[in-house]
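Listed here are the chains, written in short residue letters.
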2 protein chains.
Amino acid sequence: MAIDRKKQVLEAATNSFSLFGYKATTMDQVAKLANVGKGTIYTFFKNKEELFDEIVSSLINEMKREAEEVIDPQETFSENVHRALFRMLEFRKEHKLTIKLYQEAREMGTPAVSEVIDRMEEVVIEFLSQRIEKAIASEAIKPCNPEMTAFVMLKMYVSLIFDWERAHGPLDKDEIANLFELYLIKGLSNR
Amino acid sequence: MAIDRKKQVLEAATNSFSLFGYKATTMDQVAKLANVGKGTIYTFFKNKEELFDEIVSSLINEMKREAEEVIDPQETFSENVHRALFRMLEFRKEHKLTIKLYQEAREMGTPAVSEVIDRMEEVVIEFLSQRIEKAIASEAIKPCNPEMTAFVMLKMYVSLIFDWERAHGPLDKDEIANLFELYLIKGLSNR
């Protein structure tokens with residue numbers, strides 16, 4: 001019973017954060033949407049921050065899980081990195097909550113929301129860094145700073161998937177994989 | 001005389017845009033700062049948009065000129081691209097007006113300002129695209145979409161010079177050149 005109620009509260013809060021954003025969501029609203037008394041919410045969560053934190057943590061875990069699922073040990077480093085990055089950015093594009101949070105961070109700069117976005121990016125970078133370290137160790141790729149390389153990879157993907165698309169229309173998954181291979185793995189040089 | 005007055009107006013307006021941003025600058029303010037009557041400004045510029053446009057156009061020309069100056073035909077493609085990109089982004093970092101405009105676009109999303117930033121980025125991309133086309137023609141680099149390649153290069157530089165620095169401290173010019181060479185020109189692959 002308590003678990004069901006907690007689940008109800010989490011679902012209602014996820015809906016409210018997705019529709020109205022973090023700032024405009026109140027505990028009253030969540031109580032109404034969840035069809036529970038406000039006191040019930042406080043038996044599970046001290047405040048809005050705590051409620052938001054739990055939702056974001058499970059969102060991030062879900063994103064990590066999905067990235068791990070697409071990794072195939074038989075595949076090359078670059079194919080796996082591409083798959084994981086693509087999956088994590090698709091995740092961000094598909095989920096109503098992440099879409100709303102990116103919009104809120106961009107338009108209002110809400111600090112609690114910007115922190116969440118930083119946390120999501122750190123998870124992506126951490127995930128890639130581990131794969132990059134292994135690829136350096138096995139000499140599949142040249143020695144480099146794993147964290148910076150992960151950062152550059154993420155930025156390139158975000159540029160292609162979000163910024164390039166806005167002006168030039170979407171790129172499909174294979175095109176992005178080929179661009180990633182050309183620009184970052186093989187390099188532009190002919191020599 | 002008219003030329004001196006026009007120059008006075010342009011200098012005053014540049015100062016006002018740099019200090020208060022585009023939105024908060026009024027023709028009254030510019031007249032006061034330039035020490036001329038408001039009517040005098042209107043003999044040169046129909047409105048604030050036109051005044052802003054003239055200032056931005058000469059700013060962009062100055063940026064292009066500076067990028068052209070660092071190009072050395074004896075140098076490699078990647079060294080020249082690095083020099084030009086670095087110079088253009090330094091320009092953006094050094095000029096009070098560009099700093100203010102980027103801040104205004106980020107914090108307030110003023111449309112006229114966002115357009116200017118897009119224009120500046122287009123100039124950088126156009127400048128690089130021409131060099132990339134030549135490098136493809138001379139087979140120095142692999143066939144690729146010149147505009148997209150220019151876009152990816154710009155985004156990588158902005159990521160390293162602005163975003164990476166914020167969290168990890170500045171990278172010096174040689175480090176950036178080496179990273180550009182590693183990531184985009186030579187590629188990460190050991191094979």
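Thresholds applied
- Residues numbered from 1 in each chain as written.
- Chains lettered and ligands numbered in written order.
- Predicted model: local features only at pLDDT ≥ 70, side-chain atom pairs only at ≥ 80, totals over all residues.
- Heavy atoms only, no water.
- Helix = DSSP H or I, 4+ residues; strand = E, 2+ residues; numbered from the N terminus.
- Buried < 20%, exposed > 50% of the residue type's maximum accessible area, 1.4 Å probe, protein only.
- Contact = heavy atoms within 4.5 Å.
- Areas by Shrake-Rupley, 256 points an atom, 1.4 Å probe, with all protein chains shown as cover.
- Buried area = accessible area lost by both parts, 1.4 Å probe.
- Salt bridge = Lys/Arg side-chain N within 4 Å of Asp/Glu carboxyl O.
- Polar contact = N/O pair within 3.5 Å; in protein donor to acceptor, adjacent residues only side chain to side chain.
- Nonpolar A, V, L, I, M, F, W, Y, C, P; charged D, E, K, R; others polar.
- Domains from an automatic or database assignment.

Going by an unreviewed UniProt entry, chain A carries the name TetR family transcriptional regulator and comes from Rossellomorea aquimaris.

A.B. asks: What's the story with the overall build of chain A in this structure? I'm lost.
C.D. replies: Within chain A, the secondary structure is distributed over nine helices and zero strands. Taken along the three principal axes of its C-alpha coordinates, chain A extends 70 × 35 × 25 Å. Looking at chain A residue by residue over its 191 residues, the buried ones come to 48%. Long-range contacts, defined here as pairs at least 24 residues apart, represent 61% of the contacts in chain A between residues at least 6 apart. Put simply, chain A shows about 9800 Å² of open surface, and 50% of that area lies on carbon and sulfur atoms.

A.B. asks: Mind showing me how you'd approach the interface of chain A and chain B here?
C.D. replies: Quoted interface sizes are often the accessible area lost when the parts come together. Each partner contributes to the interface: chain A provides 34 residues, whereas chain B provides 34 residues. When the two sides are added together, the surface that chain A and chain B hide from each other amounts to roughly 3100 Å², 63% of it contributed by carbon and sulfur. Across the contact surface, chain A and chain B share two salt bridges. A salt bridge links Lys155(B) to Asp163(A); its shortest N-O distance comes to 3.4 Å. Our count for the contact surface shared by chain A and chain B stands at 24 residue pairs in polar contact (both at pLDDT 80 or more). Elements with a contribution of two residues or more to the side of chain A that touches chain B: helix H8 (146-168) and helix H9 (173-186) of chain A. In the side of chain A that touches chain B, the residues fall into 18 nonpolar, eight polar and eight charged.

A.B. asks: What's the story with the domain arrangement of chain A in this structure? I'm lost.
C.D. replies: Residue and element names in this part refer to chain A. Segmenting chain A into domains produces domain 1 (1-45) and domain 2 (48-188). Distance between the C-alpha centres of domain 1 and domain 2: 29 Å. Each partner contributes residues to the interface: domain 1 has 17 residues there, and domain 2 has 15 residues. Both sides together, the interface formed by domain 1 and domain 2 hides about 1500 Å², and carbon and sulfur atoms give 71% of it. Considering only the side of domain 1, the residues that lose the most area to domain 2 are Phe17, Tyr22 and Phe45, jointly responsible for 47% of the buried surface there. In this assembly, domain 1 and domain 2 are joined by one salt bridge. For Lys6, the salt bridge goes to Glu54, with nearest N and O atoms at 3.5 Å. Residues that form the side of domain 1 that touches domain 2 fall into these classes: 11 nonpolar, four polar and two charged.

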